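Now for the letters of each chain:
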Amino acid sequence: MNILQKHKNRLCVQAEAAEPHQSSSDQSGLIQQVRSRMASLLRPLRIFFPARCCVPTRFYSGFVSRMRFLNSLKECDEACVAALQNAHIFLFHRLVPLLQQTGRGNLSPVFLTYSDVQSVLQKLGSDESLLKESILVGCSDQNQAQFCLDVGELDQAAVAEEFKGCFMDLRKAFFLLNGSGAPLVAKAQALLRWHQINRFCGATGQPTQRNQAGSQRVCSSSSIIYYPKMSPVVIVLVSDGKRCLLGRQSSFPRGMYSALAGFCDMGETLEEALCREVAEEVGVELQSISYSSSQHWPFPHSSFMLGCHATVSPAHTQLNVDLSELEDARWFTVEEISSGLQVKTTPRRGDPPSFWLPPKHTLANRLITEWRDRQRNSKDSMG
Ligand SMILES: NC(=O)c1ccc[n+]([C@@H]2O[C@H](COP(=O)([O-])OP(=O)(O)OC[C@H]3O[C@@H](n4cnc5c(N)ncnc54)[C@H](O)[C@@H]3O)[C@@H](O)[C@H]2O)c1
Ligand SMILES: [Mg+2]
């Protein structure tokens, strides 16, 4: 147990002891004491609680504390301004992220301090008030708030040079980003884009104002509060027990097949959307559905992908592909899938056409890998 944890635990016991038994004035005295002790303990961690904002008087696990901390920043502009001054900030230029190579050969965002960004803004002749445009994205495992900022008004090459990074289109960079970097950059880009296209109220045409965290925008004239939007998308790996069903759109890279996917219609359940999409695209009826997992997907914009496995009856596997949606759809054996999963790089122009699958980081890859593993396990258990 580290020193901070020990202090936290002691404060926790004090705060909890105060709650049920002491008079309210004793309690507020103790809470004040806890507040200032906590502030001094958290200062080295660069987490600040302004006096006006609510300070939690109980301590929880690291995860719970982080979630409550983030939530407090969304609710309190002052706390958010204070957190920004001690945060990790990563940059975009007109929605293109600033990235750098990591030791392991992949990419990560360039994390900067407030003063790093402040001094470069000054050097490049920009008003440092631009920093207030930063948007809260998350909190690291080390309790460091993470913000993103779009510096699209500055010279892109000059910013890249100052921070020894490179601005790279997210479509090209996404699969090269490290495991924690990919969802973080995707989320940041989605939030920045949402702010860019929601500057005006759809009802009144008046400008909307964001809160400091960037978790909402409000129209003061209509009082409508706008929250960042995602489009729900279903994705499904259909199996007939021995084979799985994959399709490809003409826009996919050559040779790549993926699980069937589609946007949900208004009012649909997850199950209804899955059954409709599969019926529309390949003309088969699903028998059973089981949920696997989900993913935020940045392309073309923000989608909330819900991934499922489904079965069809082996007697009803005849496909009737809607060629206006898909170029091809086929059943694949587990051996074909295993070899498709071995292909690690996108085939280059001129390479012979080969079958390959969406890379890791994609929910399609996760569903296909889960299916392959289950098929292998059931083969093994049957001897
Ligand atoms: N992460 C993954 O593993 C993975 C795998 C496959 C597909 N996807 C994503 O799933 C998404 C949906 O797949 P699809 O293209 O087969 O969908 P789809 O089959 O629903 O067809 C796309 C069409 O749906 C319509 N549409 C309805 N609502 C829409 C909305 N909110 N936004 C955009 N278009 C809408 C448009 O006409 C569009 O051309 C794509 O964005 C794709 O990038 C992700
Ligand atoms: Mg589709």
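Quick caveat: nothing in here was measured; it's all calculated off a predicted structure.

Help me out: how do you make sense of helix 9 (residues 270-282) in this one?
Owing to its 3.6 residues per turn, the α-helix aligns residues three or four sequence positions apart on the same side. The first and last C-alpha atoms of helix 9 sit 18 Å apart over 13 residues, in line with the 18 Å expected at 1.5 Å per residue. Of the surrounding secondary structure, the elements contacted by the buried residues of helix 9 are strand 10 (231-239), strand 11 (244-248), strand 12 (260-263), strand 13 (288-297), strand 14 (303-311) and strand 15 (328-332). Positive backbone phi, at 70°, marks Gly283, one or two positions downstream of helix 9.

What am I meant to see in the packing of aromatic side chains here?
Remark: the centre distance and the inter-plane angle together describe each pair of aromatic rings, the angle taken between the planes. Taken as a whole, this structure holds 10 aromatic pairs when the rule is applied. Between Phe90 and Phe92 the ring centres are 6.2 Å apart and the planes differ by 45°, which places this aromatic pair in the tilted class. Judged by its relative accessible area of 1%, Phe90 is buried. Pairing Phe332 with Phe355 gives two aromatic rings, centres 4.6 Å apart and planes at 10°, and the pair type is stacked.

What am I meant to see in the layout of surface pockets here?
Here the idea is plain: a probe the size of a water molecule rolls over the atoms and shows the empty space left. The volume enclosed by the largest pocket comes to roughly 1500 Å³. What lines the largest pocket is a set of 48 residues, and nearest its centre among them are Phe175, Met256, Trp297, Pro359 and Thr362. Take the lining of the largest pocket: its biggest share by element is 5 residues, from helix 11 (residues 363-381). Each of domain 2 (88-196) and domain 3 (231-381) accounts for three or more of the residues forming the lining of the largest pocket. Looking at which element gives the most residues to the lining of the second largest pocket, the answer is helix 8 (residues 181-196), with 9 residues.

Thresholds applied
Residues numbered from 1 in each chain as written. Chains lettered and ligands numbered in written order. Predicted model: local features only at pLDDT ≥ 70, side-chain atom pairs only at ≥ 80, totals over all residues. Heavy atoms only, no water. Helix = DSSP H or I, 4+ residues; strand = E, 2+ residues; numbered from the N terminus. Expected span 1.5 Å × (residues − 1). Contact = heavy atoms within 4.5 Å. Phe/Tyr/Trp six-rings, centres within 6.5 Å; stacked < 30°, edge-to-face > 60°. Buried < 20%, exposed > 50% of the residue type's maximum accessible area, 1.4 Å probe, protein only. 1 Å grid on protein atoms, 1.4 Å probe; cavity = no way out; pocket = protein on both sides within 12 Å on 5 of 7 lines; lining within 4 Å. Points joined across faces, edges and corners; volume = space filled by probe spheres on them. Domains from an automatic or database assignment.

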